[in-house]
Amino acid sequence: MLLSSETMDVSFVRKVEALSGTSVRRCFQCGKCSAGCPMATFMEHPPNRVVRLLQLGQWQRILAGRSIWYCASCETCSTRCPNKVHLSSIMDALRKLSWDDEGPSKESYVQLANKLFLQNIRTYGRQYELRLAAVFNVKSGQFLKDLMLGPKLITKGKLKMFHKKNKNMTEIEKIFSRIDEMRKNGEAL
Amino acid sequence: MTPRNILRYAYYPGCSLHASAGEYDLSTRELFKKLNIGLTEVPDWFCCGATPAHNVDELLSLSLCAKNLELAARVGGDLAVACAACFSRLKTTQHVLSESDVKRQQVEKAIDAPVPLNGNVKHLLDILARDLGLERLGQAVTKPLFGLKVACYYGCLLTRPPEVPNLDCVEAPTIMEDVLRAIGAETVAWSHRLECCGANFTLSRPGVVLQLSHAILDSAKAAGADCIMVACPLCHGNLDIRQKEIEGVYSTHYAMPVFYITQLVGLAAGLKADKLGLDALIVNPMPLLKEKGLL
């Protein structure tokens, strides 16, 4: 795919900038973010190229790939940027926009893990690790994943079979539903 | 004002400490009891949302943390946090909400309460090194860890990004080394102490964790460390629980015990192995501790 004015969409980039509170125009492509990024080897677009593509309005290319889902949020890029581009916030914004639109990314495992993690909070208040791992394995079709670790973790008391729900579950449900409502009324992104 | 020699905190353990990192919780409580530092667990705290929440839903992440800050404020006092990720999320929430009125109003609407933004959120490291102080920590030592060479592993979120945790220098912190020297241990200089371990990819893409944690273990071994010390349950899970798997995949051998900071400080303060949950570690630390005469 060649860069062209037809694929250039700046309005999306403005949204990313608003959500992340940082400007992509400050970046002069020094590449320090990618040099320090522990996950760059797993990405088709390393961090500095993600910003370059945003500068050129080519956001579809970013969302179609898996780069944003392979960011570990280690904050190395934001720490080292000489121009104070807060790249980890840009990554958060890109993931949110992709997530809300159920974007085209092929990276489904990370998204599945995120989804189950958030569901766990709404259902239990805290993480129920055994259930998180078990449901992930079932839903991702990897029934045998980390199976060998299971017995060891259980005998060491690291995986609790049963989980006690918080007593104040109504409060957490209220937080989730108030946020849903604010979004429905257009009061929040 | 509370006198300086009486330390008391609200305590936010976080999800892992009630499950896969039970030994971190146990050793924290026992150590703080030994050091006469009061800990009151925040009743009915919620998950902070960790990485998945801020990854896809900032408002939810901020609201969950704000709710926890509000619950903690009811207990009173500074908030002690054990997990580096919870610590980072709670501090980030305070930072973001004090910078943006719009976000603060949205969050206050979501939790239906004002967010206490001025309370101090402190990692255990900060409490040990600064509130208690290295001098008093040194006085509490009954069994100095002489001869134990430790690689201090900070990981990502204890120091980064620079404007949030304010725990120590962002690229060259020394707070862990300071604590260890105060209890008589040796620390090694090594390259990977601030590198990422792969964090929560342990669930979704464990291959990432194997690669990144392998580099960390390799670096610690090359520096001549006997063991690694961490202050985060996720780092611990990746370096300890997955160590055997890493050895298999990369055809190498480490047998490198990974301790929580409270376990090593507790050991120096004279606590017994069963009070520190040493038996819960996957890589058995007993041979090393026996060899060094620390049991």
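Residues numbered from 1 in each chain as written. Chains lettered and ligands numbered in written order. Predicted model: local features only at pLDDT ≥ 70, side-chain atom pairs only at ≥ 80, totals over all residues.

> Could you give me a rundown of the overall build of chain B, with the residues and numbers involved?
The secondary structure content of chain B amounts to 14 helices and eight strands. Computed over C-alpha atoms, the radius of gyration of chain B comes to 19 Å, within 12% of the 19 Å expected from 2.2 N^0.38 for 295 residues, which places it in the range of a compact globule. Taking the principal axes of its C-alpha atoms as reference, chain B extends roughly 55 × 45 × 30 Å. Every one of the 295 residues in chain B was classed for burial, and the buried ones make up 60%. Expressed as a percentage of contacts within chain B between residues at least 6 apart in sequence, the contacts between residues at least 24 apart total 78%. (Helix = DSSP H or I, 4+ residues; strand = E, 2+ residues; numbered from the N terminus. Rg over C-alpha atoms; globule rule 2.2 N^0.38 Å. Buried ≥ 20, exposed ≤ 12 C-beta atoms within 10 Å, placed from the backbone. Contact = placed C-beta atoms within 7 Å.)

> Talk me through the sheet that holds strand β8 (residues 258–260) of chain B; I want residue IDs and the actual numbers.
Residue and element names in this part refer to chain B. Here four strands make up an open sheet; going across it, the order is β6-β5-β7-β8 and the pairing parallel. Two strands in the sheet have a free side with no partner beyond their single neighbour: β6 (186–187) and β8. As defined by bridge partners, strand β5 (residues 149–152) adjoins strand β7 (residues 227–230) across three bridges and the pair is classed as parallel. Looking at the pairing, C152 lines up with M229 of β7. Each of β7 and β8 is contacted by helix α12 (residues 261–268), which is oriented at about 80 degrees to β8, the strand it contacts most. (Pairing = 2+ DSSP bridges. Axes fitted to C-alpha atoms, helices over the stretch in contact; angles between N-to-C directions.)

> Got a sec to walk through the domain arrangement of chain A? Specific residues and values, please.
The domain architecture assigned to chain A consists of domain 1 (7–100) and domain 2 (108–184). Just the C-alpha atoms count here: the centres of domain 1 of chain A and domain 2 of chain A sit 28 Å apart. (Domains from an automatic or database assignment.)

> Break down the interface of chain B and chain A for me, citing the residues and quoting the values.
Size of an interface: often given as the accessible area lost when the parts come together. Facing 43 residues of chain B, the contacting portion of chain A comprises 43 residues. No other element matches helix α2 (residues 50–56) of chain B, which puts six residues into the side of chain B that touches chain A.

> Describe the sheet that holds strand β3 (residues 78–81) of chain B, with residues and values.
Residue and element names in this part refer to chain B. Strand order across the open sheet formed by four strands is β2-β1-β3-β4, with parallel pairing between neighbours. Because the sheet does not close on itself, it has two edges, and the strands there are β2 (37–41) and β4 (121–123). Each neighbouring strand pair of the sheet contributes to a mean axis angle of 40 degrees, computed without reference to strand direction. Pairing of strand β1 (residues 7–12) with β2 involves five bridges; the strand directions are parallel. Bridge pairing in β2 places R8 opposite G38. Sitting on the sheet, helix α4 (residues 84–99) touches β1, β3 and β4, and the angle it makes with β4 is about 155 degrees. Strand contacts of helix α6 (residues 124–139): β1, β2, β3 and β4, with the helix running at about 95 degrees to β4, the strand carrying the most contacts.

> Can you explain the domain arrangement of chain B? Please cite residues and give values.
Residue and element names in this part refer to chain B. Split by domain assignment, chain B resolves into domain 1 (7–123) and domain 2 (141–291). In this structure, domain 1 and domain 2 have C-alpha centres spaced 23 Å apart. The interface of domain 1 with domain 2 comprises 25 residues on the first partner and 27 residues on the second. Listing elements by their share of the side of domain 1 that touches domain 2, those giving two or more residues are α1 (22–34), α2 and α4. Counting residues per element, the side of domain 1 that touches domain 2 draws most heavily on α1, which supplies nine residues. A breakdown of the residues in the side of domain 1 that touches domain 2 according to their chemical character gives 11 nonpolar, 10 polar and four charged. (Nonpolar A, V, L, I, M, F, W, Y, C, P; charged D, E, K, R; others polar.)

> If you had to explain the confidence of the model for chain B to someone new, which residues and values would you point to?
Counting all residues, the mean pLDDT for chain B is 96, and 98% of those residues have values of 70 or more. Confidence metrics for the complex model read pTM 0.95 and ipTM 0.94. (pLDDT = per-residue confidence, 0-100.)

> Hey, could you go over the nonpolar core for me, with residue numbers and the actual values?
All names here are of chain B. Formed by 150 residues in total, the largest nonpolar core has its most connected members in V81, L125, V179, I228, M229, V230 and I261. For this core, the element with the highest residue contribution is helix α3 (residues 58–75), accounting for nine residues. Once you skip the residues sitting within four places of it in the chain, L125 turns out to touch L167, I175, M176, V179, A231 and I261. (Core = buried A, V, L, I, M, F, W, Y, C linked by C-beta atoms within 7 Å.)

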